[in-house]
Amino acid sequence: MLRLLKPNMKGMSMQIASKDISAVSMVKAALEKAEKYQDYHVFVSLNSENALKKAAEIDAKIARGEKVGRLAGVPYALKDNFLSPEGKTTASSKILEPLESPITATAVKKLEAEGAIMIGRTNMDSFAHGSSTENSYFGPTSNSKDKARVAGGSSGGSAVAVALDIVPFATGTDTGGSIRQPASFNGVYGFKPTYGTISRYGVVAMASSTDCVGFFTQNPEDMDLLMQICAGQDSYDMTTLPDFYTTTQSRQDSPRIGIIKDFDNDAVHPEIRRALTEKVDELKKAGYEIVELSMPALKYALAVYYIVVPAEVSSNLSRHDGIRYGYRSAEAETLSEVYGKSRSDGFMPENKRRIMIGNFVLSSGFYDAYYLKAQKARTLIIQEYAKAFEKCDFILTPVSPNPAFKLGEKVNDPVSMYMEDVMSVPINLAGLPSLTIPVGKTPEGLDLGLQIIGPRRSDAAIIALAMQAGDALRGPAAPARILRDGVDGDTKRQDPREEEVK
Amino acid sequence: MNITEKDIDHLAELSNFSLSEAEKTSLRQDLQNIIGYISQLDELDVSGVEPTYQVFEMENIWREDKILPQEADREALLNLAPAMTDNQIKVPKVL
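Residues numbered from 1 in each chain as written. Chains lettered and ligands numbered in written order. Predicted model: local features only at pLDDT ≥ 70, side-chain atom pairs only at ≥ 80, totals over all residues. Heavy atoms only, no water.

1. Overview of the layout of surface pockets
Residue and element names in this part refer to chain A. Estimates place the volume of the second largest pocket at around 640 Å³. Taken together, 25 residues make up the lining of the second largest pocket; nearest its centre are L83, I103, G202, R319 and Y325. Split by residue class, the lining of the second largest pocket holds 14 nonpolar, six polar and five charged. (1 Å grid on protein atoms, 1.4 Å probe; cavity = no way out; pocket = protein on both sides within 12 Å on 5 of 7 lines; lining within 4 Å. Points joined across faces, edges and corners; volume = space filled by probe spheres on them. Nonpolar A, V, L, I, M, F, W, Y, C, P; charged D, E, K, R; others polar.)

As structure tokens, then:
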């Protein structure tokens, strides 16, 4: 069967603007696919009516000859922790289940101003606490290649929405790997920008010193377009940087790529190590200089992360008290019972663990031994990256130690679930940008991803590298390895970058 | 370190949770394991290292002390409350 590369989003919006295809039919197709793949549990809620109405408005604008935005008519999926008045923003939790937000997140405003159309809200680990999307109050999302496996998390629904080609892009948040790891588990691109690049205004807070807004796409060109649209300072989020994305020199001549020796060990799945070795060889052949790095402090990053982040979580989630918005227990008879019962009913077990660990590491007697010590160790991790970036321009590492694991395999063992984050959390502690790129598959057909990490503000250069080194990183064998029947034999899936020629 | 039942009660109080006995038992085990893991920082020498509390490279960003336009007015915010009476948020007795 003949297959051709599908147009990227720029191409899609051009087709819509030139009336080759209507925004309504584009949105309808996305909604139909969302229905078709219902059993993956990608969405918490669909936004069908609003989406079709907005699409019709865009078609009408085009018919009148008015100017439309860079994403005019492009359907997208919104992670359920972005506030917007379209539907409920639940953060896949019971405590926010009733929340109909009167405000709109800045990132959503920017996307919609360019004509993007939200077709639904995607499932996630409740409050983004988790690495598999199994901690959702609404139940887990399945992996795009094997329904018995996890989607990754916490932005699992968004990753699968893009992997199943329901939408060309989806939003995500990444506090410790929540974009990059599910991207790697589902064979799509996932970008976590430099801390402060995109406004966090209107995003349900998890850990304020590491939370980042980012995206899932099917190619690096679309990622670049989304970054151009969404990067920039916002007076409603004082931790945003003035836009550096659109103004930086993105291409670097013969960049040096670092690989971390400390990650090459038996704790990493053999297929992931094989993929990394292969890609490093390909990059060498393509003329890139490879630099070996030793970064011993990274071994402490996971412990630092699971001190610092729960501490911030315990503080940020104390606002959910059953008083001003969200769920309130009907059984509470006193004010303190409103807090206690609403929070106990409203949070998932993993939310409770993190809040309690946070209160533990911040409590008197343990503050110096845990919280303060972790913040000092964080400095060592930042310094180690700074030293590494004197020797190389980018670092290429696995995203997680394993490909997608089985549903139920780790969800009741928090420490083994946390271990899945060991290679993704260090970059959040240092505030660095990192892009997951799909690089291949295991023999059983599970997706493999690697991440390209760069110094602060190298966001545009990372995405340019992914475009530039695309062939060396992806490998030439795309069609043969991907065209296979679904695991249960009832769905036929294909590489989202391709489409059949009718 | 060993997490006792008393520790769990104290942390539940700090966290504003009303936990069942079954939850307390499983949380005690989970917290024990997590604290066991994060305690590996004990072996790391951080003497003379300054702590990092945030990775944003700027601080003290000033703006005029003026209220920015807000999307949600008083009524829209009050309407989010689970219980309301006479344009105020209703709560059960405090004491």
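2. Considerations on the packing of helix 1 (residues 5-15) of chain B against helix 2 (residues 21-38) of chain B
Residue and element names in this part refer to chain B. The N-to-C vectors of helix 1 and helix 2 enclose an angle of 100 degrees; their axes lie 10 Å apart at closest approach. On the basis of the axis angle, helix 1 is roughly perpendicular to helix 2. Residue-level contacts link E5, I8, D9 and L11 of helix 1 to K24, L27, R28 and L31 of helix 2. (Axes fitted to C-alpha atoms, helices over the stretch in contact; angles between N-to-C directions. Helix = DSSP H or I, 4+ residues; strand = E, 2+ residues; numbered from the N terminus. Parallel < 35°, antiparallel > 145°, perpendicular 65-115°, else oblique. Contact = heavy atoms within 4.5 Å.)

3. Quick notes on the interface of chain B and chain A
On the chain A side, the residues contacting the 56 residues of chain B number 72 residues. In total, about 5,600 Å² of surface goes out of reach between chain B and chain A, with carbon and sulfur atoms giving 68% of it. Taken as a group, L41, V55 and E71 of chain B account for 12% of the area that chain B buries against chain A, more than any other trio of residues on that side. Linking chain B with chain A are four salt bridges. One salt bridge connects K299 of chain A with E43 of chain B, and the closest N-O pair in it is separated by 3.4 Å. Seen at the junction of chain B and chain A, the total is 25 residue pairs in polar contact (both at pLDDT 80 or more). Secondary-structure elements contributing two or more residues to the side of chain B that touches chain A are helix 1, helix 2 and helix 3 (74-78) of chain B. Tallying contributions element by element places helix 2 of chain B first for the side of chain B that touches chain A, with nine residues. Tallied by class, residues from the side of chain B that touches chain A come to 37 nonpolar, eight polar and eleven charged. (Buried area = accessible area lost by both parts, 1.4 Å probe. Salt bridge = Lys/Arg side-chain N within 4 Å of Asp/Glu carboxyl O. Polar contact = N/O pair within 3.5 Å; in protein donor to acceptor, adjacent residues only side chain to side chain.)

4. A closer look at the pairing of strand 12 (residues 447-453) of chain A
All names here are of chain A. Within strand 12, seven of the seven residues are buried, leaving the element largely enclosed by the surrounding structure. Covered by surrounding structure in strand 12 are D447, G449, Q451 and I453 together with L448, L450 and I452, the residues of both alternating faces. Inspection of the sheet shows strand 11 (residues 434-441) paired to strand 12 by seven bridges, in the antiparallel sense. Its bridge partner lying in strand 12, S434 is registered against I453. Taking the residues that link successive antiparallel strands as the turn, the strand 11-strand 12 hairpin has five residues, and the phi of G445 there is positive, at about 95 degrees. (Buried < 20%, exposed > 50% of the residue type's maximum accessible area, 1.4 Å probe, protein only. Pairing = 2+ DSSP bridges.)

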